[in-house]
Structure formats: C-alpha cells, structure tokens
Amino acid sequence: MDLVTLAAIAGNISVLGYGLAALGPGIGLGIMFGKALESTARQPEASGKLNVIMYIGLAIIEVLALLGFVAFMMAQ
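Residues numbered from 1 in each chain as written. Predicted model: local features only at pLDDT ≥ 70, side-chain atom pairs only at ≥ 80, totals over all residues. Heavy atoms only, no water.

### Observations concerning the overall build of the protein chain
Stage number 1. Looking only at helices and strands, the protein chain has 2 helices and 0 strands in total.
Stage number 2. Burial statistics for the protein chain: of 76 residues in total, 14% are counted as buried.
Stage number 3. With an accessible surface of roughly 5,600 Å², the protein chain has 76% of that area assigned to carbon and sulfur atoms. (Helix = DSSP H or I, 4+ residues; strand = E, 2+ residues; numbered from the N terminus. Buried < 20%, exposed > 50% of the residue type's maximum accessible area, 1.4 Å probe, protein only. Areas by Shrake-Rupley, 256 points an atom, 1.4 Å probe, with all protein chains shown as cover.)

Following this line, the structure appears as structure tokens:
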C-alpha cells in the first residue's frame, strides 16, 4: 500500500467514527423528548419544570455531538 491509500483509509475511518459519535446523542435526544412528552401527559402541571430540565439535558447532549465533530475534524 502506498501513502495515499493509507491516508484515504484513515479518512474513511474517521468519518465512520463521527457517524458513530453522532448516533449516541441522536438516540439520547429521542429518548429524552419522548420521556418529557410522556411525563407532561401524566402531570401537565409539572411541564414548566420539565421544560427547564429538558433544555439543560438538550444542551449537554448537543455538546457531546459537537465534541464528536471536533474529534472528527482533529483526525483529518
């Protein structure tokens, strides 16, 4: 294998790594919003507190996705 082929393989593996890194936060967001909707349906009076907690969780999950993107860009 020559150097160009090895660089192409390394680039493809880093793209796969970013895809896997984005998969976790995506699943986490789906679970979080689903549970927030479920709990709001059970107790509508608690929706204000749930929204605040949900948005804090959203920010943390999005930071995980951005960290995966930064790691992907650093591998390039």
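Back to the text.
### With respect to a nonpolar patch on the surface
Stage number 1. A cluster of nonpolar side chains, namely Leu-16, Leu-20, Leu-23, Ile-27 and Ile-31, defines an oily patch on the protein surface of about 520 Å² accessible area.
Stage number 2. Locating Leu-16 in the fold gives a position in helix H1 (residues 3-42). (Patch = residues over 30% accessible without salt bridge, like charges linked within 9 Å, V, L, I, M, F, W, Y side chains within 5 Å. Salt bridge = Lys/Arg side-chain N within 4 Å of Asp/Glu carboxyl O.)

### Describing the nonpolar core
Stage number 1. Core analysis: the largest hydrophobic core is formed by 5 residues, namely Leu-29, Met-32, Ala-36, Met-54 and Ile-61.
Stage number 2. Of all the elements in the fold, those that place two or more residues in this core are H1 and helix H2 (47-75).
Stage number 3. No other element matches the 3 residues that H1 contributes to this core.
Stage number 4. Among residues more than four places away in sequence, those in contact with Leu-29 are Leu-58, Ile-61 and Glu-62. (Core = buried A, V, L, I, M, F, W, Y, C linked by side-chain atoms within 4.5 Å. Contact = heavy atoms within 4.5 Å.)

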